[in-house]
Amino acid sequence: MTTEKHKDELTAIEDVLMIGYPNGIWDSVNNMPIFRKGTTATNPLLDYNGKKEIMIDIAAFPGSSGSPVLIFNEGGYRDKKENTYMGANRIIFLGVLYAGPQATATGEIIMTPNLQRPISVSQIPNNLGLIIKSERILEMEDLFRE
């Protein structure tokens, strides 16, 4: 979970790791999910579009919803005050992926003497994902206590 301490450390662009099952893909032999790396696309300290969300730059496909997203630094990182922590690992739970914008690609109608082909429409991921911030998950805890 992001804490007040983390707010002093985090920069606008952080390395992230997402653990999930994109398009239902997983390692069935070893019973393991798929790990994907990316970066924050919006500042994790700000609420994206006024909501407690963060946009990340990662290959997020259908089936990835519900995947945990972590800031993941292995072997060192730099904070926003430009302090360098060599040899240090950092793992911070940012939130959970729930959506991602997609572009639509359309074909063209091809006319032949006796055949009209329909327009083909495909959804193309923008390799961006929206995550619900970890603090929203803590808010749910109160709902379960009531």
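From a predicted model like this one, the values you see are computed outputs, not experimental measurements. (Residues numbered from 1 in each chain as written. Predicted model: local features only at pLDDT ≥ 70, side-chain atom pairs only at ≥ 80, totals over all residues. Heavy atoms only, no water.)

S.K.: How do you make sense of the overall build of the chain when you look at a structure like this?
M.R.: If you tally the helices and strands in the chain, you get two helices and twelve strands. Within the chain, buried positions represent 27% of all 146 residues. Pairs at least 24 residues apart make up 63% of the contacts formed inside the chain by residues separated by at least 6 positions. In the form shown here, the chain has an accessible surface area of approximately 9,400 Å², with 54% of it arising from carbon and sulfur atoms. (Helix = DSSP H or I, 4+ residues; strand = E, 2+ residues; numbered from the N terminus. Buried < 20%, exposed > 50% of the residue type's maximum accessible area, 1.4 Å probe, protein only. Contact = heavy atoms within 4.5 Å. Areas by Shrake-Rupley, 256 points an atom, 1.4 Å probe, with all protein chains shown as cover.)

S.K.: Help me understand a nonpolar patch on the surface in this model?
M.R.: Together, M140, L143 and F144 make up a nonpolar patch on the protein surface, roughly 370 Å² of accessible area in all. Structurally, the position occupied by F144 is in helix 2 (residues 134–145). The class for F144 is exposed, based on a relative accessible area of 69%. (Patch = residues over 30% accessible without salt bridge, like charges linked within 9 Å, V, L, I, M, F, W, Y side chains within 5 Å. Salt bridge = Lys/Arg side-chain N within 4 Å of Asp/Glu carboxyl O.)

S.K.: When you look at the environment of K81 in this model, what are you seeing that I'm missing?
M.R.: When you line up the elements, K81 lands in the loop between strand 5 (76–78) and strand 6 (84–86). When its relative accessible area of 58% is taken as the criterion, K81 is described as exposed. Residues K81 and L10, spaced 71 residues apart in sequence, show a C-alpha to C-alpha distance of 9.2 Å.

S.K.: Even after reading the chapter, I still don't get the packing of aromatic side chains, so can you show me in this structure?
M.R.: Applying the stated criterion to the full structure yields one aromatic pair. A centroid spacing of 4.8 Å and a plane angle of 25° characterise the contact between Y77 and Y85, whose relative ring orientation is stacked. Note that R90 overlies the ring of Y77, its terminal NZ or CZ placed 4.0 Å from the centroid. (Phe/Tyr/Trp six-rings, centres within 6.5 Å; stacked < 30°, edge-to-face > 60°. Lys NZ or Arg CZ within 6 Å of the ring centre and 35° of its normal.)

S.K.: Help me out: how do you make sense of the sheet that holds strand 12 (residues 128–133) in this one?
M.R.: Strand pairing in a sheet relies on backbone hydrogen bonds. The paired strands run either parallel or antiparallel. Here six strands make up a closed barrel; going around it, the order is 1-2-3-12-7-4 and the pairing antiparallel. Taking each pair of neighbouring strands and ignoring which way they run, the sheet shows an average axis angle of 45°. Two strands pair when backbone bridges link them, and strand 1 (residues 15–20) and strand 2 (residues 34–40) are joined in this way by six bridges, in the antiparallel orientation. Residue pairing across strands places L17 opposite K37, the latter belonging to strand 2. Most of the contacts of helix 2 go to strand 12, to which it runs at about 40°, and overall it touches strand 7 (90–99) and strand 12. (Pairing = 2+ DSSP bridges. Axes fitted to C-alpha atoms, helices over the stretch in contact; angles between N-to-C directions.)

S.K.: Is there a simple way to think about the side chain of S67 in this case?
M.R.: Examined against the element boundaries, S67 turns out to sit in the loop between strand 3 (53–57) and strand 4 (68–73). Of note is the side chain of S67, whose polar atom sits 3.3 Å from the backbone oxygen of I19. What S67 contacts, discounting residues up to four positions off in sequence, is M18, I19, G20, Y21, G95, V96 and L97. (Polar contact = N/O pair within 3.5 Å; in protein donor to acceptor, adjacent residues only side chain to side chain.)

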